[in-house]
Number of protein chains: 2
Amino acid sequence: MVRVGDEVSNKQVIFRDYVIGSPKESDMYLTTGTIKLKVPEGSNAVLVKNLYLSCDPLMQFFMRKAEGPNGYLYYTPGSAIFGYGVAKVLDSGHPEFKAGDLVWGITGWEEYSLITKTTDTLIKIQHTDVPLSYYTGILGMPGMTSYAGFYEVGTPKKGEYVFVSAASGAVGQLIGQIAKLEGCYVVGSAGSKEKVDLLKNQLGFDEAFNYKEEQDLNTALKRYFPEGIDVYFEHVGGKMLDAVLLNMRHHGRIAVCGMISQYNLDEPEGIKNLLHIGFKWIQMKGYTHRNYYHLNPKFLDLVLPYIREKKMVYVEDIVEGLESGPAALVGLFSGRNFGKQVVVVARE
Amino acid sequence: MVRVGDEVSNKQVIFRDYVIGSPKESDMYLTTGTIKLKVPEGSNAVLVKNLYLSCDPLMQFFMRKAEGPNGYLYYTPGSAIFGYGVAKVLDSGHPEFKAGDLVWGITGWEEYSLITKTTDTLIKIQHTDVPLSYYTGILGMPGMTSYAGFYEVGTPKKGEYVFVSAASGAVGQLIGQIAKLEGCYVVGSAGSKEKVDLLKNQLGFDEAFNYKEEQDLNTALKRYFPEGIDVYFEHVGGKMLDAVLLNMRHHGRIAVCGMISQYNLDEPEGIKNLLHIGFKWIQMKGYTHRNYYHLNPKFLDLVLPYIREKKMVYVEDIVEGLESGPAALVGLFSGRNFGKQVVVVARE
């Protein structure tokens, strides 16, 4: 067992260099350094042991120097990559955290991390009667994203027609289930038969389809939404968005969380049906969980009981060990994962 | 002078047949029929003498059978076209209107019209100390559109950076002037030197540019908005929208009134920069004055005093006589008009 003040070996996933196009496994490599398990004197940093790491689509932006979301950090070549994760505090210079606390937030892809930016990215985990890995997903960033997307952006009402793309992903799973609990008609799209089965048979979606098997997405949407779509939760962009625009109803809302199909193209596909925004008074709105941290308690009040009572299903795709991290992360961009992709660094 | 009950001749602009692509003058023709100046017994229709007719971009949708805004009517081949106008009531079966009233709303392109759909499209004109033709523009549908677009959709705050395309048009003129009165920095684009001069020298825009003279719209926008755009009032679509998306700031808003550059293309241009909606949490929202009729009194309270005190400039492009109507209407789609395009049928 390690102790505060020890200098210990620290396995890390290192970023090789900035990426053009789609990230590959070889853009990262493993190395083992050392770290002193102590927060520097006078600093308000937090030193953690990493437990679960989250693979999220936005991480590919950190790998590029080109245009991406402003205000995000980029990876530094030669340093460990970072992302959301669950960790245990070993030492803290921050008044809100103490040794032994469990936290979720931005941390390094390594065994131990010194987290220096703790302003609003580190959240103390209060409820540990649910799997800790859930705080990389349904109870963490993707969960908050789903909650804000549903209640603050898309705002579907009982009886409305809701469409969720990438519906078996970390955000889609929860949005679909909240929509069902709120009395909406919910259809999801995903990229394999297994994912479609998951949506229909375990997550309670009214319908689901494999977009890869559809000749024409407009026809597919008309099949499931003969009266049109009230709210679309956008995670993929491109041709799906274009088809959705044709099928939106008056006063429809499109909550834009991401557009994963477009991130790695040299040039994004052109969207042709934006005229419908004007024709049908559609609202299309981008959002991030980062603007909704204040809703975290309300979000947990809603979701925790459902998880405890097993009224919500949550599917994780868990790989073991930092060594498995780069492949798991890269697999996300081709949809290889089945459910939320998590990397276990340590279980406690 | 005509009297109620007379049967009189009625000059009309008749719709020839549904149009594919851009409407031409020859898609309409003039004829003279007759009309009995009396509302049918038991009907709640209103019989009016038309004074001023408004040329509006949305009228081209009424000429096509293909996809357009749902819920709109289409023109009937062989019948008079219709649109917004100012008229005088000659006879009325409707409790809210009586002979002598001045009204604005949807009426026919003809000397006299029997208006049968009076639900929310006909508004009684209460203030006649301003030019009546203004109720086709700054005090009518485009005015209400500007008001709703500014205060309910785009919601620019004092000091924010505002961009208006088609800024010398009926809606753009007013939005730009409201934005200046509210303390925003306002830049407009238009399609000729004369229009740019109007914006800068008469309407008080901080800057204006001729989009036809710009090699690259992104570069042009960066010149006028080095810190980015907070609110964009969208009237043109296409390449301008794509360039604007690159230049929007975080939490920016795009109020979509129309996309006139796209209406007559066989296929709309593809918009490539929608990823920025997700990156920068942009809201893009389509709207119509039709959802904001209840704000009409507030709107008039704001705008009438400015017009009376000449604190607002309003430019009209007026042609005389129904005969001039088809050319004036078609000219709108190539930007031939200078200011709000109005057709005078009669002055009282």
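Residues numbered from 1 in each chain as written. Chains lettered and ligands numbered in written order. Predicted model: local features only at pLDDT ≥ 70, side-chain atom pairs only at ≥ 80, totals over all residues. Heavy atoms only, no water.

## With respect to empty space enclosed by the protein
It is a probe the size of a water molecule, rolled over the atoms, that shows where empty space is left. A complete count under the given rule lists two cavities of 30 Å³ or more for this structure. When the residues that make up the lining of the largest cavity are grouped by side-chain class, the tally is seven nonpolar, four polar and two charged. If you go around the second largest cavity, the residues you meet are A:G238, A:M259, A:Q262, A:P268, A:E269, A:I271, B:I271, B:K272, B:N273, B:L274 and B:L275. Split by residue class, the lining of the second largest cavity holds six nonpolar, three polar and two charged. (1 Å grid on protein atoms, 1.4 Å probe; cavity = no way out; pocket = protein on both sides within 12 Å on 5 of 7 lines; lining within 4 Å. Points joined across faces, edges and corners; volume = space filled by probe spheres on them. Nonpolar A, V, L, I, M, F, W, Y, C, P; charged D, E, K, R; others polar.)

## Some words on the environment of A:H250
Residue and element names in this part refer to chain A. Here H250 shows up in strand β12 (residues 248-256). Residue classification places H250 among the partly exposed residues on the basis of a relative accessible area of 26%. Between the C-alpha atom of H250 and that of S165, which follows or precedes it by 85 residues, the distance is 20 Å. (Helix = DSSP H or I, 4+ residues; strand = E, 2+ residues; numbered from the N terminus. Buried < 20%, exposed > 50% of the residue type's maximum accessible area, 1.4 Å probe, protein only.)

## Regarding the domain arrangement of chain A
Residues and elements named next belong to chain A. Split into domains, chain A comes out as domain 1 (7-137 + 315-344) and domain 2 (141-290). Domain 1 and domain 2 are separated by 28 Å when their C-alpha centres are compared. Across the boundary between the two partners, domain 1 contributes 26 residues, which contact 16 residues of domain 2. When domain 1 packs against domain 2, the two sides together hide about 1600 Å² of surface, and 57% of this comes from carbon and sulfur. Of all residues in domain 1, the largest losses of buried area upon contact with domain 2 belong to Y84, V315 and F338, amounting jointly to 27% of the total for that side. In this assembly, domain 1 and domain 2 are joined by zero salt bridges. Counting across the interface, domain 1 meets domain 2 through six residue pairs in polar contact (both at pLDDT 80 or more). When the residues that make up the side of domain 1 that touches domain 2 are grouped by side-chain class, the tally is 13 nonpolar, 10 polar and three charged. (Domains from an automatic or database assignment. Contact = heavy atoms within 4.5 Å. Buried area = accessible area lost by both parts, 1.4 Å probe. Salt bridge = Lys/Arg side-chain N within 4 Å of Asp/Glu carboxyl O. Polar contact = N/O pair within 3.5 Å; in protein donor to acceptor, adjacent residues only side chain to side chain.)

## Regarding the interface of chain B and chain A
Contacts between the two partners involve 36 residues from chain B and, on the opposite side, 36 residues from chain A. With both chains or domains summed, chain B and chain A bury close to 3000 Å², and 67% of this area falls on carbon and sulfur atoms. Among the residues of chain B in contact with chain A, B:K272, B:F279 and B:W281 are the three that bury the most area, contributing 21% of the side total. B:K272 is the salt-bridge partner of A:E267, the closest N and O atoms lying 2.5 Å from each other. Here chain B and chain A share six residue pairs in polar contact (both at pLDDT 80 or more) between them. Those elements that provide at least two residues to the side of chain B that touches chain A are α5 (238-247), β12 (248-256), α6 (275-279) and β13 (283-286) of chain B. Sorting elements by how many residues they give to the side of chain B that touches chain A places α6(B) first, with five residues. Taken together, the residues of the side of chain B that touches chain A break down into 17 nonpolar, 12 polar and seven charged. For strand β13 (residues 283-286) of chain A and β13(B), the ladder comprises three bridges, and the chain directions are antiparallel. In the strand pairing of β13(B), A:M284 is matched with B:M284. (Pairing = 2+ DSSP bridges.)

## Quick word on the relation of the copies chain B and chain A
Each copy of the sequence occupies a distinct position, and chain B is placed on chain A by a rotation of 180° and an axial shift of 0.0 Å, giving an RMSD of 0.0 Å. The operation mapping one copy onto its partner corresponds to a two-fold rotation axis. Taking C-alpha positions as the reference, the residue of chain B nearest the rotation axis is B:G270, at 1.8 Å. A share of 100% of the interface residues of chain B reappears at the interface of chain A, consistent with the copies meeting face to face through the same patch. (Least-squares fit on C-alpha atoms with pLDDT ≥ 70 in both.)

## A word on the sheet that holds strand β8 (residues 161-164) of chain B
Judged by pairing direction, the sheet is mixed, and its 12 strands sit side by side in the order β10(A)-β9(A)-β8(A)-β11(A)-β12(A)-β13(A)-β13(B)-β12(B)-β11(B)-β8(B)-β9(B)-β10(B) without closing on themselves. With partners counted over all chains shown, the strands left at the sheet margins are β10 (207-210) of chain A together with β10 (207-210) of chain B, one partner each. Between one strand axis and the next, the sheet turns by 15° as a mean value, whatever way the strands run. Sheet topology note: the strand β11 (residues 229-234) of chain B/β12(B) ladder contains five bridges and is parallel. Paired with B:V231 across the two strands is B:R253, which belongs to β12(B). (Axes fitted to C-alpha atoms, helices over the stretch in contact; angles between N-to-C directions.)

## Details of the packing of aromatic side chains
Residue and element names in this part refer to chain A. According to the stated counting rule, one finds 38 aromatic pairs over all chains in the structure shown. Plain terms: the ring middles of F150 and Y151 are 4.9 Å apart, the flat faces sit at 70° to each other, and that makes the pair edge-to-face. Look at F150 and you get buried, because its relative accessible area is 1%. For Y151, a relative accessible area of 28% puts it in the partly exposed group. Here the aromatic cluster, defined as three or more aromatic residues joined through ring pairs, consists of Y161, F163, Y185, F209, Y224, F225 and Y232. (Phe/Tyr/Trp six-rings, centres within 6.5 Å; stacked < 30°, edge-to-face > 60°.)

## Let's talk about helix α8 (residues 325-332) of chain B
All names here are of chain B. Here α8 lies mainly inside the structure; eight of its eight residues are buried. Listed in full, the buried residues belonging to α8 are G325, P326, A327, A328, L329, V330, G331 and L332. If you follow the buried residues of α8, they end up packed against β1 (7-15), β2 (28-36), β14 (316-320) and β15 (340-344).

## Here we look at the pattern of salt bridges
Pairs can form between side chains of opposite charge whenever their charged atoms are close. Counted by the stated rule, this structure contains 32 salt bridges over all chains. Ionic pairing is found between B:D56 and B:K340, a salt bridge with its closest N-O pair at 2.9 Å. You can see B:D56 sitting in the loop between β3 (46-54) and β4 (82-92) and its partner B:K340 sitting in strand β15, a full 284 residues away along the chain. On the basis of relative accessibility, which here comes to 4%, the residue B:D56 falls in the buried class. A residue is classified by how much of its surface remains accessible, and B:K340, at 2% relative accessible area, is buried. Counted as one network, the salt bridges with shared partners bring together A:K98, A:D101 and A:K124.

## Re helix α4 (residues 217-224) of chain B
Residues and elements named next belong to chain B. Those residues of α4 not exposed but buried are L217, A220, L221 and Y224. The arc that holds every buried residue of α4, seen down its axis, measures 95°, which confines them to one face. Against β8, β9 (185-190), β10, β11 and α5 lie the buried residues of α4. (Arc of directions from axis to C-beta.)

## As for the side chain of B:N247
With respect to the element layout, B:N247 can be found in helix α5. Of the polar contacts made by the side chain of B:N247, one reaches the side chain of B:N218; its length is 2.9 Å.

## Let's talk about the pairing of strand β8 (residues 161-164) of chain A
Residue and element names in this part refer to chain A. Examined bridge by bridge, β8 and strand β9 (residues 185-190) share four bridges and lie parallel to one another. Bridging across to β9, V162 finds its partner in V186. Pairing of β8 with strand β11 (residues 229-234) involves three bridges; the strand directions are parallel. The partner of F163 across the bridge, within β11, is Y232.

## Here's the deal with the pairing of strand β15 (residues 340-344) of chain A
All names here are of chain A. Judged by how many residues are buried, β15 sits mostly within the fold: five of five residues are covered. Side chains K340, V342 and V344 of β15 all project onto a buried face; the interleaved residues Q341 and V343 project onto the opposite face, where all are buried too. With three bridges joining them, strand β3 (residues 46-54) and β15 adopt antiparallel strand pairing. Looking at the pairing, S54 lines up with V342 of β15. Pairing geometry for strand β14 (residues 316-320) and β15, over five bridges, is parallel. Among the inter-strand pairings, D317 is bridged to a residue of β15, identified as Q341.

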